[in-house]
Amino acid sequence: MAKPNYSKKPTLVEIPATHYLSIEGHGQPGGPEFQDAIGALYPMAYTIKMTRKFSGRASFPVAPLEGVYSTITDWQLQLPVPSVIRMDEVRETAVKLIEKGKTESVQRIELVTRKEGRCLQALHVGPYDQVAETIAILKQFADENGLELVGPHHEIYLSDPRRTAPERLKTVVRYPVRKAVAPGRPS
């Protein structure tokens, strides 16, 4: 499967329904609760992947981390997974991970399906604390093209911040959109 080619310019895309391992939280991105959530998601994903592989069931690649932000401090971190993953698998894996000393946050992980549909997205290159610049570009593009940004914004972290200089970090910034409603007209 070819890697997507993301553009720095705003692009309209159609996003199909996607299944995720997901954990909600509140606090500064990069802060203790955020880091704890990441520390719960990845062991969950890799343990499910390897358990499936060693039992002869379909495995899957662990994709980059994604974040959905309703506000800067209210977020949902997620990793895409195939739709064959079931909640009983997640619960059983949480028990195993806690027995191995992982944080109890693994018990907060849920399976969710996100249906974003028509979206506007652009590639942000640079530090995470400058993503607002790309959001402003998406907003301007939407305004100029009769679109309205709806719902929370979505970030897909393509780079590993432990191995990538801040100025080279790549993040896809995505917003669901709809046609803007003219003033005075019902939506």
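In what follows, the structure referred to is the one given above.
Bear in mind the structure is a predicted one, so any value in this text is a computation, not a measurement.

### Here we look at helix α3 (residues 131-144)
Owing to its 3.6 residues per turn, the α-helix brings residues three or four apart onto one side.
Thinking step 1. Along its 14 residues, α3 runs 20 Å from first to last C-alpha, staying within 8% of the 20 Å computed at 1.5 Å per residue.
Thinking step 2. Within α3 the residues assigned to the buried category are Val131, Thr134, Ile135, Leu138 and Ala142. An end-on view of α3 places all buried positions within 105 degrees of arc, on one side of the element. Facing away from the buried surface of α3 by more than 90 degrees, the exposed residues are Ala132, Glu133 and Glu144.
Thinking step 3. Looking at the buried side of α3, the elements it contacts are β6 (117-125), β7 (147-149), β8 (153-157) and β9 (170-179).

### Re the pairing of strand β4 (residues 74-80)
Thinking step 1. Summarising burial for β4: six of the seven residues are buried, a large majority.
Thinking step 2. Across seven bridges, the pairing between strand β2 (residues 18-26) and β4 is antiparallel. Bridge pairing in β4 links serine 22 to glutamine 78.
Thinking step 3. The pairing of strand β3 (residues 66-71) with β4 spans five bridges and is classified as antiparallel. By the bridge assignment for β4, glutamate 66 is matched with glutamine 78.

Rules of the game
- Residues numbered from 1 in each chain as written.
- Predicted model: local features only at pLDDT ≥ 70, side-chain atom pairs only at ≥ 80, totals over all residues.
- Heavy atoms only, no water.
- Helix = DSSP H or I, 4+ residues; strand = E, 2+ residues; numbered from the N terminus.
- Expected span 1.5 Å × (residues − 1).
- Buried < 20%, exposed > 50% of the residue type's maximum accessible area, 1.4 Å probe, protein only.
- Arc of directions from axis to C-beta.
- Contact = heavy atoms within 4.5 Å.
- Pairing = 2+ DSSP bridges.

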